[in-house]
Amino acid sequence: MPDCAAYVSSPAATQAGPDAVGAQARRGPFRPAAWLNTRQRQSARLASHLFRLADVLTVGAVTVAVAWAAAPVALVHAPLSSVLPFVLAAVCTLSLVRSAGLYRFARTARPARHFAALLTCVLAGAAVLIVSGLAFGDPVGAYSLWIIGALASLIGLHAVWFTLVAHWRASGALTPNVVLVGATRHAERLVREALNRRDLNILGVFDDRLARSPNSVAGAPVLGDAEALLSHRILPYVDHIVVAIDPRAGARISELTRRLSVLPNEVSLLVDMEGETQRGEALERLALSPLASLDGADADRRAFNKRAQDVVLGAVALVALAPVMAVTALLIRLDSPGPIFFRQRRHGFNQEEIVVWKFRTMKHAAADATASRQVTVDDDRVTALGKILRATSLDELPQLWNVVTGEMSLVGPRPHAIGMKTGETESARLVAEYAHRHRIKPGMTGWAAIKGSRGPLHCAQDVRRRVQLDIDYVERQSLWLDLWIMLVTLPVLLGDRQGVR
């Protein structure tokens, strides 16, 4: 398999960009300023929801302040006629800003047009304010304060949003990363068109017929065959896998899509377009818009809601449980020699490698970072205190830090150690759909955990049941399901006397 050092090497290279990797690296013509994995780029795409929340809170604050100043008595005792016009104006303005698509910040968006549309939305809200005020017989003296305050705050905020989006675009956070399967003329056309557009990065090409394929396709390097793609280190950085094979080769396409279906990455078939306009439309669908639509896919809304839930509840839990964690750390220090924390590399979202934090529960000399030997009943490697921590899951509390930083979620498939074995076989090789559990962030607890699938996996059947439960959760995930799982986690785990951890 060709070297991938140009794409993923060390964390330092990831942050510094391809130039830090070395002159011998084969990078191709697409060179992002910084290598960001799909989780990091998803966070940028979902910023539209944060932008709207900030607008709502700011305009709401302006509305309350002006209504308070205009009310003849205390705001809570003010007549409805003096407050309702401001509320209607704020709701109208914010609804129009959303409906006008002013949170999309597309690559082709122009500031002058954007701010003109913003001004129109505020003026429409002002018209509602004046008309409703006259209808209620309320004096219009304070209305100019609301108009000026709303307009100034929205223009200031959207100027900040534009600056942030421009920075993200320059860093590559809003540019989808694509790999192609098939070193064909279809792939070459797509690469050349993408070079002209510069709104998506083609990181490389994979082709099963390496003996006949070139070293590069229009400058994009050929990195290996389809089998190499299944375990390639570039995968956590790939948003989209495109099969660029002649559609008439039906059997070959079916075989490739079947093999690639085990990956957590989205896979699409590129149908060759002869016309330049049609090819441009196909690339536009790949590049998409920079930020997620507020009215777009349910997946975007679920991802934003899940992240908001993790940040709020995770931060509260981290603060509330700090005394418990401090006492636990002290007990570990007194119980046995060695560090307080145990760190282990595990798979996260889209097979990203993350470092998961836990309280140390094993003797330091017997620490097993690769989980080549899973914990069993009366395992001699576990300390006396470690048995209590594992039985109560207190050893997992440091993972709240992973949640707050965005590497993990409160609820999701439990992250397995990279290279974890079931018997003598790597667990990931026992179930074809194993990687599907990485289509969502790993969690501190999850559907599988409350359904009895926790702890070591002793056989292939255990792995299959864990993976099936995890996939069930990925397909059903919702805010309410997450809250239910968190609610029942503690009683379920404490009541499970059969579980071994």
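Just so we're clear, the structure is a prediction, and the values are computed from it rather than from any experiment.

A separate point is the overall build of the protein chain. From N to C terminus, the protein chain includes 17 helices and 12 strands. Each of the 501 residues in the protein chain was classed as buried or not, and the buried ones make up 47%. Here the protein chain has roughly 23,600 Å² of accessible surface; of this, 61% comes from carbon and sulfur atoms.

What follows covers the nonpolar core. Counting residues in hydrophobic clusters, the biggest one holds 36 residues, and the most contacted among them are F51, F86, F105, L129, W146, V165 and W168. Listed by contribution, the elements that provide at least two residues to this core are α3 (47-70), α4 (80-99), α5 (111-135) and α6 (143-171). Looking at this core element by element, the count peaks at 10 residues for α6. By size, the runner-up hydrophobic cluster in this structure holds 19 residues, among which are V181, Y237, V243 and I245.

Spatially, 6 strands are ordered β3-β4-β2-β1-β5-β6 in an open sheet, and the strand pairing comes out mixed. If you trace the sheet from one side to the other, it starts and ends with β3 (216-217) and β6 (266-269), each paired once. Inspection of the sheet shows strand β1 (residues 177-181) paired to strand β5 (residues 240-243) by 4 bridges, in the parallel sense. Bridging across to β5, L180 finds its partner in V242. Helix α9 (residues 250-260) contacts β1, β5 and β6 of the sheet and is inclined by roughly 165° relative to β5.

One pass over the structure, following the stated rule, counts 0 disulfides. Of all cysteine sulfurs in the structure, the one in C92 sits closest to C121, which takes part in no disulfide; the separation is 8.3 Å.

Further remarks concern unusual backbone geometry. One non-glycine residue, F105, adopts positive backbone phi at about 50°. With respect to the element layout, F105 can be found in the loop between α4 and α5. The backbone of N350 shows a phi angle near 55°, a positive value even though the residue is not glycine. N350 sits in the buried class, given a relative accessible area of 6%.

Attention shifts here to the pairing of strand β7 (residues 341-347). Here β7 runs beside strand β8 (residues 353-359); their pairing, made up of 7 bridges, is antiparallel. What sits directly across from R345, in β8, is V355.

We now examine the confidence of the model for the protein chain. A low pLDDT means the predicted coordinates there should not be read in detail. On average, residues of the protein chain score 81 in pLDDT, and 82% of them reach the 70 mark or higher. Note on residues 1-25: pLDDT is under 50 here. Beyond four places in sequence and across chains, it has 44 contacts.

Applying the stated criterion across every chain, the model contains 8 aromatic pairs. Between F105 and F162 the ring centres are 5.1 Å apart and the planes differ by 85°, which places this aromatic pair in the edge-to-face class. Of this pair, F105 sits in the loop between α4 and α5 while F162 sits in helix α6, and the two are 57 residues apart along the sequence. With respect to class, F105 is no different from F162; both count as buried. Ring centres 5.9 Å apart and planes at 35° place the aromatic pair F115 and F162 in the tilted group.

When two helices pack together, their arrangement is given by the angle between the helix axes and the distance between those axes. At a minimum axis separation of 10 Å, α3 and α6 run at an interaxial angle of 160°. Of the possible angle classes, the one that applies to α3 and α6 is roughly antiparallel. In this structure, the crossing between α3 and α6 has a hand that is right-handed. Of the residues in α6, those in contact with A47, F51, A54, D55, T58, V59, V62, T63 and V66 of α3 are L145, W146, G149, A150, S153, L154, L157, H158, W161, L164, V165 and W168.

So, on to the side chain of S48. You can see S48 is positioned in helix α3. Look past the residues within four positions of S48 in its chain and what remains in contact with it is Y103, L291, A292 and L294.

Turning our attention to the environment of R454. Looking at where R454 falls in the secondary structure, it is placed in the loop between α15 (447-450) and α16 (460-476). When its relative accessible area of 12% is taken as the criterion, R454 is described as buried. Each C-alpha atom of the pair R454 and L493 lies 9.2 Å from the other, and the pair is 39 residues apart in sequence.

Moving on, we come to the side chain of R346. Considering the arrangement of structural elements, one finds R346 in strand β7. Among the polar contacts listed, one links the side chain of R346 to the backbone oxygen of P415, at a separation of 2.9 Å. Excluding residues that lie within four positions of it along the chain, R346 makes contacts with E352, E353, I354, V356, K358, R414, P415, H416, A417 and I418.

Moving on, we get to α9. Of the positions making up α9, those classed as buried are I253, L256, R259 and L260. On an axial view of α9, the arc spanned by its buried residues comes to 135°, and they lie on one face. In this structure, the buried residues of α9 make contact with β1, α8 (226-229), β5 and β6.

Summed over all chains, the structure comprises 12 salt bridges. One salt bridge connects R39 with E352, and the closest N-O pair in it is separated by 2.9 Å. Placement of R39 in helix α2 (residues 38-45) and of E352 in the loop between β7 and β8 is noted, with a sequence separation of 313 residues between them. Across the pair, E352 and R39 agree in class, each one buried. Measuring nitrogen to oxygen at the nearest pair gives 3.2 Å for the salt bridge that ties E353 to R345. Accessibility expressed as a relative area gives 43% for R345, which makes it partly exposed.

Turning our attention to α3. Every α-helix winds through 3.6 residues per turn, so residues three or four apart in the chain are directed the same way. With 24 residues, α3 should cover 34 Å at 1.5 Å per step; its first-to-last C-alpha distance of 34 Å lies within 8% of that length. Within the span of α3, buried status applies to A47, S48, H49, F51, D55, V59, V62, T63, V66 and A67.

Parameters and conventions
- Per chain, residues are indexed from 1 in the order of the written sequence.
- A pLDDT threshold of at least 70 governs which residues receive local features in this predicted model, and a stricter bar of 80 or more applies before side-chain atom pairs are shown or counted, although totals over entire chains, interfaces and linings include all residues.
- Calculated side-chain values reflect all of the structure's heavy atoms, with hydrogen atoms and water omitted.
- Secondary structure elements are defined from DSSP: runs of H or I of at least 4 residues count as helices, runs of E of at least 2 residues count as strands, and each element is numbered from the N terminus.
- Partly exposed residues are those whose accessible area sits between 20% and 50% of the maximum for their type, while under 20% is buried and over 50% is exposed, using a 1.4 Å probe and protein chains only.
- For the accessible areas, the method is Shrake-Rupley and the probe is 1.4 Å, while residue cover comes only from the protein chains on display.
- What is meant by a nonpolar core is a set of buried Ala, Val, Leu, Ile, Met, Phe, Trp, Tyr and Cys residues, joined one to another through side-chain atoms within 4.5 Å.
- By this definition, two strands are paired if DSSP reports at least two bridges between them.
- In what follows, residue pairs with any heavy atoms lying within 4.5 Å of each other are defined as contacts.
- Between N-to-C directions, angles span 0 to 180 degrees; the directions come from axes that are lines fitted to C-alpha atoms, helices contributing only their stretch in contact.
- In this description, the term disulfide denotes a pair of cysteine sulfurs within 2.5 Å.
- The quantity known as pLDDT measures the predictor's confidence residue by residue, on a range of 0 to 100.
- Pairing of aromatic side chains requires ring centres within 6.5 Å, counting the rings of Phe and Tyr and the six-membered ring of Trp. Pairs whose planes differ by under 30 degrees are stacked, by over 60 edge-to-face, and all others tilted.
- Any angle from 65 to 115 degrees is called roughly perpendicular, while one under 35 is roughly parallel, one over 145 is roughly antiparallel, and all others are oblique.
- Note on convention: near helix rotated counterclockwise from far helix by under a right angle means a left-handed crossing. Clockwise means right-handed.
- Polar contact criterion, stated in full: a pair of N or O atoms within 3.5 Å, where within protein one must be able to donate a hydrogen and the other to accept it, and residues adjacent in sequence count only if both atoms are side-chain atoms.
- Directions drawn from the helix axis to the C-beta atoms are what define this arc.
- Salt bridge, as used here: a side-chain nitrogen of Lys or Arg that lies within 4 Å of a carboxyl oxygen of Asp or Glu.
- A helix's residues, less one, multiplied by 1.5 Å, set its expected span.

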